[in-house]
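One-letter residues, chain by chain:
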Amino acid sequence: MIKISNSKLIIIFTKLLILLVIAKLISVVVWWFLPSHGMELSTKENYQPKYQRVSFMTMIEADVKVKSKQKDSGESITNMLLKGLYGKGKNGFVIVAMKATSKKTTIVEVGEKYEGYKLESISAKSAMFSKNGLDFMLSLDKIKVDGIVTKVQNKDNVSYEESSIVYRDDITYYSKNPKQIWKDISIKEIKDGKKTKGFKVTRIVNGSKFANLGLKKGDLIIKANNIRLQSYKEVLSIYNTLDKLDMIQVVVLRANEEVELVYEIN
Amino acid sequence: MVKKIAPYIAYTIFFLVALIYFTPKINFYYFLEAQLEEKGVLISDEVTKDKGYALKVYNANLSYSSIESAEIADIALKIYGVYNSIYLNNITLTTTAKSFIPLHVDNVKVIYSILNPLNIKAYGVGAFGEFYAKFNVLEQTLHVELKPAEIMSVKYKNTLNNFSENEDGELCYDKNF
């Protein structure tokens, strides 16, 4: 009878088993020193409100008269004043008052009724009301203040500059020709320790579209659309939504003073 | 002589194979992820699976400097020491890049082998065409050769302007780090 313990196979098997155990032990030791969880991209919640700009030009009391009132009707609402409006189409609100009590204003949302007139829609300079199946248009004809207030100091020590117009065609052109951007302007990320403080304009070509937008050499761009620019992520998130934006607000630090630049996108 | 050495070679190979199998690949992946994070590259939302001799990573979101840059449907990592490869399949780049390059990349294979220890090689195929890249570890230089698809010369001329044509008429891009 052959002893199993003397079998060559058992010897090989034992050796292989020992090697397996050693390999496993090494892997356990390695596992002990390796991290047990991975990294995840932490997305910070933005508690700052999204930028929304209300044009105060249309909020200021105006010499308003009813321009066109009736549609297939002789009725009019000449006793009503349209003092301001905000929004477009079926979204927004208007500020109205009765001529007799012009100081007592009321905010009326689209769909709401005022003195029996239902606000149907809002356009650029007028509001459409309806009553008894008839439509009435109330217009802002003349506004006392013509232009946005410039260089007004507020509590936050932010200066406001006039809004400029940015054309979508230009945005499309620059997005397709990024090299042209760097020919016209140089921007450098400025860090305060590990955090990004802002993006500094280190060079700007005179006469370029960027110069026409009011940016100046040395400006430190710190905010855009009410979002503090603390990394390229915030910059790109705004860039990605440019198609949907009608307005961009940029806050720059210029000579230790915050200056707000507002651009309308047309 | 060979007869005497052969068993030892066989045992060594067996030991290495066992070691690769038992290596905690997922934890190794976490370690690599931490190293990449220091360079601003972050892989998140992924699902990892230890497949014995390879590590599979599914649905990875790749971010650079906290900017979401690409989504990778699956990654296969084979780290054997003497031969290492990373196979990335079905990559969709972020829409931010849409002005520069077609957003879909079919696959990219990165290889580092002991037979060519100074170079890390990469091959890729996508809507942009095909590329071959070589990174010299010692000289810290990158060389890329591109065979562009037709769409590149129609829609992405500006991207192609970054490449120069070599003697063989191939588009090349070189960068020193």
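Residues numbered from 1 in each chain as written. Chains lettered and ligands numbered in written order. Predicted model: local features only at pLDDT ≥ 70, side-chain atom pairs only at ≥ 80, totals over all residues.

Draft legend 1. Highlighting the overall build of chain A. A tally of regular secondary structure across chain A gives five helices and 14 strands. Each of the 266 residues in chain A was classed as buried or not, and the buried ones make up 14%. Relative to all contacts within chain A whose residues are 6 or more apart in sequence, the contacts with residues 24 or more apart total 44%. (Helix = DSSP H or I, 4+ residues; strand = E, 2+ residues; numbered from the N terminus. Buried ≥ 20, exposed ≤ 12 C-beta atoms within 10 Å, placed from the backbone. Contact = placed C-beta atoms within 7 Å.)

Draft legend 2. Broad picture of the overall build of chain B. Across its full length, chain B carries four helices and 11 strands. Taking all 177 residues of chain B together, 14% fall into the buried category. For chain B, the proportion of contacts with a sequence separation of at least 24, taken over those separated by at least 6, is 28%.

Draft legend 3. Broad picture of the sheet that holds strand β1 (residues 80–88) of chain A. Residue and element names in this part refer to chain A. Here three strands make up an open sheet; going across it, the order is β1-β2-β3 and the pairing antiparallel. The open sheet has two edge strands with one neighbour each: β1 and β3 (105–109). Pairs of neighbouring strands in the sheet enclose a mean axial angle of 20 degrees, with direction left out of account. Relative to strand β2 (residues 91–98), β1 is paired through eight bridges, and the arrangement is antiparallel. Considered in β2, the bridge of M80 is made with M98. (Pairing = 2+ DSSP bridges. Axes fitted to C-alpha atoms, helices over the stretch in contact; angles between N-to-C directions.)

Draft legend 4. Structural context of the interface of chain A and chain B. Each side of the interface is counted separately: chain A has 28 residues, and chain B has 26 residues. Only α1 (8–33), α2 (168–176) and α5 (232–240) of chain A provide two or more residues apiece to the side of chain A that touches chain B. Of the residues forming the side of chain A that touches chain B, the biggest block, 10 residues, is contributed by α1(A). Considering only residue class, the side of chain A that touches chain B consists of 14 nonpolar, eight polar and six charged. (Nonpolar A, V, L, I, M, F, W, Y, C, P; charged D, E, K, R; others polar.)

Draft legend 5. Here's a closer look at unusual backbone geometry. All names here are of chain B. Phi angles above zero are rare outside glycine, and D45 is one such case at about 60 degrees. Turning to its location among the elements, D45 is positioned in the loop between β1 (41–44) and β2 (47–50). In this structure D45 comes out as partly exposed when scored by C-beta crowding, with 13 C-beta atoms within 10 Å. Even without glycine at this site, N59 takes up a positive phi of about 50 degrees. Positionally, N59 belongs in strand β3 (residues 55–64).

Draft legend 6. Quick peek at the sheet that holds strand β5 (residues 117–122) of chain A. All names here are of chain A. Read from one edge of the open sheet, four strands run β4-β5-β6-β7, paired in antiparallel fashion. Bordering the open sheet on either side are β4 (113–114) and β7 (134–139), each of which pairs with just one other strand. As judged from the two bridges shared by β4 and β5, these two strands associate in the antiparallel manner. Within the sheet, the bridge partner assigned to K113 lies in β5 and is K118.

Draft legend 7. The arrangement of the pairing of strand β10 (residues 195–204) of chain A in detail. All names here are of chain A. As judged from the eight bridges shared by strand β9 (residues 185–192) and β10, these two strands associate in the antiparallel manner. Directly across from K188, in β10, lies its bridge partner K200. Count of turn residues in the β9/β10 antiparallel hairpin: two residues, of which G193 carries a positive phi of about 70 degrees. Of the strand pairs in this sheet, β10 and strand β11 (residues 220–224) are connected by two bridges, and their pairing is antiparallel. For F199, the partnering residue across the bridge sits in β11 and is I221.

Draft legend 8. Expanded view of the nonpolar core. A:L82, A:V94, A:V96, A:A127, A:F129 and A:L138 are the most contacted members of the largest nonpolar core, which totals 15 residues. At the level of secondary structure, the elements contributing two or more residues to this core comprise β1, β2, β5, β6 (126–131) and β7 of chain A. When neighbours within four sequence positions are excluded, A:V94 is seen to be in contact with A:L82, A:G84, A:L85, A:V108, A:L119, A:I122 and A:A127. Ranked by size, the runner-up nonpolar core spans 14 residues in total, among them B:L42, B:L55, B:I72 and B:L77. (Core = buried A, V, L, I, M, F, W, Y, C linked by C-beta atoms within 7 Å.)

Draft legend 9. Broad picture of the confidence of the model for chain B. When the pLDDT values of chain B are averaged, the result is 89; 100% of them are 70 or greater. Reported confidence for the predicted complex is 0.76 by ipTM and 0.58 by pTM. (pLDDT = per-residue confidence, 0-100.)

Draft legend 10. Expanded view of α1(A). Between its first and last C-alpha atoms α1(A) spans 38 Å; for 26 residues at 1.5 Å apiece the expected length is 38 Å, and the two agree. Counting buried positions along α1(A) gives one out of 26 residues, so the element sits mostly on the surface. (Expected span 1.5 Å × (residues − 1).)

Draft legend 11. Molecular detail of the packing of α1(A) against helix α1 (residues 2–22) of chain B. Interhelical geometry of α1(A) versus α1(B) gives an angle of 35 degrees and a closest axis separation of 9 Å. Along this stretch, α1(A) crosses α1(B), giving a crossing that reads as right-handed. Contacts from A:K15, A:L16, A:L19, A:L20, A:A23, A:K24, A:I26 and A:S27 in α1(A) reach B:Y11, B:F14, B:F15, B:A18, B:L19 and B:F22 in α1(B). (Left-handed = near helix turned anticlockwise from the far one by under 90°.)

Draft legend 12. The arrangement of the environment of B:F31 in detail. In this structure, B:F31 sits in helix α2 (residues 25–38). B:F31 gets classed as partly exposed once you count the C-beta atoms within 10 Å, which come to 16. If we skip the residues at most four places from it in the chain, B:F31 touches A:L34 and A:P35.

Draft legend 13. Representation of the environment of A:G89 within the structure. Looking at where A:G89 falls in the secondary structure, it is placed in the loop between β1 and β2. In the structure, A:G89 is positioned 35 residues away from A:A124 in sequence and 9.0 Å away in space, judged by C-alpha atoms.

Draft legend 14. A look at the confidence of the model for chain A. All names here are of chain A. On average, residues of chain A carry a pLDDT of 73, and 75% of them reach 70 or more. Confidence, expressed as mean pLDDT per element, reaches its minimum in chain A at strand β8 (residues 158–166) with 62 and its maximum at α1 with 90. This model gives residues 61–75 a pLDDT under 50, and the stretch forms 34 contacts once residues within four places in sequence are excluded. Below a pLDDT of 50 lies the segment residues 141–156, which in the model reaches 24 contacts outside its immediate sequence neighbourhood of four places, other chains included.

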